[in-house]
Amino acid sequence: MTQVINLRRATQADTSLVCELFEEQLHRTPNQGLISEALGNAPSALAFSNDKLVGFVYCAYMAPDIMEIMNILVTDTERANGVGTRMLEFVEEEMPPQVVSMMLANSSLYPDVKGGKLPATSFYIRNGYTVIADTGKTRIF
Ligand SMILES: CC(C)(COP(=O)(O)OP(=O)(O)OC[C@H]1O[C@@H](n2cnc3c(N)ncnc32)[C@H](O)[C@@H]1OP(=O)(O)O)[C@@H](O)C(=O)NCCC(=O)NCCS
């Protein structure tokens with residue numbers, strides 16, 4: 001049977017929920033203030049399976065017309081089922097009209113990135129994003 005995944009936008013009240021999944025999956029302490037601000041100020045998406053949080057994406061304004069995707073994560077047991085793509089499409093649809101561009105950084109310099117690889121690159125390319133800068137360790141899309 002196909003798993004039903006429900007999406008909704010987050011509010012600041014979801015900060016603890018997001019931080020718990022962040023810590024569990026990425027094994028580093030999230031910046032709670034930053035996440036709370038992002039959830040309050042910009043489009044976001046939460047994915048639930050049977051009322052359990054299995055993914056999130058939150059954003060911040062880089063400029064009035066450019067949104068940065070600050071973080072996107074799907075719990076490891078739910079990956080490769082389209083949840084990440086659905087969340088990305090959800091936040092893209094939630095963007096206010098003045099936002100004409102979305103950007104994000106994908107870096108191997110974070111401590112949780114295994115083997116220095118950037119596995120999310122294929123995810124962004126598959127979803128229509130292009131690399132606009134590459135330091136060798138960090139890619140900007
Ligand atoms: C990147 C991520 C959000 C994608 O979510 P997802 O639900 O697995 O994505 P989808 O199922 O919609 O798309 C799958 C595609 O993503 C890519 N992908 C990247 N990393 C992947 C992973 N660890 N597992 C599965 N697919 C992955 C593949 O290209 C895959 O395409 P394919 O099915 O043609 O092989 C998720 O893998 C994740 O949370 N990774 C760890 C955190 C991370 O790297 N976040 C990005 C920070 S910049």
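What comes next concerns the included structure.

Criteria and thresholds
- Residues numbered from 1 in each chain as written.
- Predicted model: local features only at pLDDT ≥ 70, side-chain atom pairs only at ≥ 80, totals over all residues.
- Buried ≥ 20, exposed ≤ 12 C-beta atoms within 10 Å, placed from the backbone.
- Helix = DSSP H or I, 4+ residues; strand = E, 2+ residues; numbered from the N terminus.
- Arc of directions from axis to C-beta.
- Contact = placed C-beta atoms within 7 Å.
- Core = buried A, V, L, I, M, F, W, Y, C linked by C-beta atoms within 7 Å.
- Pairing = 2+ DSSP bridges.

1. What about helix H2 (residues 32-41)?
Every α-helix carries 3.6 residues per turn, so stepping three or four residues along brings you back to the same face.
Okay, so step 1: Among all positions of H2, only Ile35, Ala38 and Leu39 are buried. All buried residues of H2 fall inside an arc of 95 degrees around its axis, so they share one side.
Okay, so step 2: Buried residues in H2 make contact with helix H1 (15-26), strand E2 (44-49), strand E3 (52-63) and strand E4 (66-74).

2. Describing the nonpolar core
Okay, so step 1: Within the largest apolar cluster, 27 residues are counted, with the highest numbers of intra-cluster contacts made by Ala45, Phe56, Val57, Tyr58, Cys59 and Met87.
Okay, so step 2: Of all the secondary-structure elements, those providing two or more residues to this core are H1, H2, E2, E3, E4 and helix H3 (83-94).
Okay, so step 3: Apart from the residues within four sequence positions on either side, Cys59 is in contact with Ala38, Ala42, Pro43, Ser44, Met67, Glu68, Ile69, Met70 and Val91.

3. Comments concerning the environment of Val57
Okay, so step 1: Mapped onto the fold, Val57 is located in strand E3.
Okay, so step 2: Its 25 C-beta neighbours within 10 Å are what place Val57 among the buried residues.
Okay, so step 3: Remark: the alpha-carbon pair of Val57 and Val74, spanning 17 residues in sequence, is separated by 8.9 Å.
Okay, so step 4: Each residue touching Val57, except ones within four places of it in the same chain, is listed here: Ser44, Ala45, Ile69, Asn71, Ile72, Met87, Leu88 and Val91.

4. Here we look at the pairing of E2
Okay, so step 1: Bridge count for strand E1 (residues 5-8) against E2 is four bridges, and the pairing is antiparallel. For Leu7, the partnering residue across the bridge sits in E2 and is Ala47.
Okay, so step 2: Bridging between E2 and E3 involves six bridges; their strand directions are antiparallel. Bridging from a neighbouring strand, Ser49 pairs with Lys52 of E3.
Okay, so step 3: Hairpin connection from E2 to E3: two residues lie between these consecutive antiparallel strands, with Asn50 at a positive phi of about 50 degrees.

5. Here we look at the sheet that holds strand E6 (residues 105-107)
Okay, so step 1: One open sheet holds the three strands; their spatial order is E6-E8-E7, and the pairing between them is antiparallel. In this open sheet, the two strands that pair with only one neighbour each are E6 and strand E7 (133-134).
Okay, so step 2: Note that E7 and strand E8 (residues 138-140) share two bridges and pair antiparallel. Of the residues in E8, the one forming a bridge with Asp134 is Arg139.

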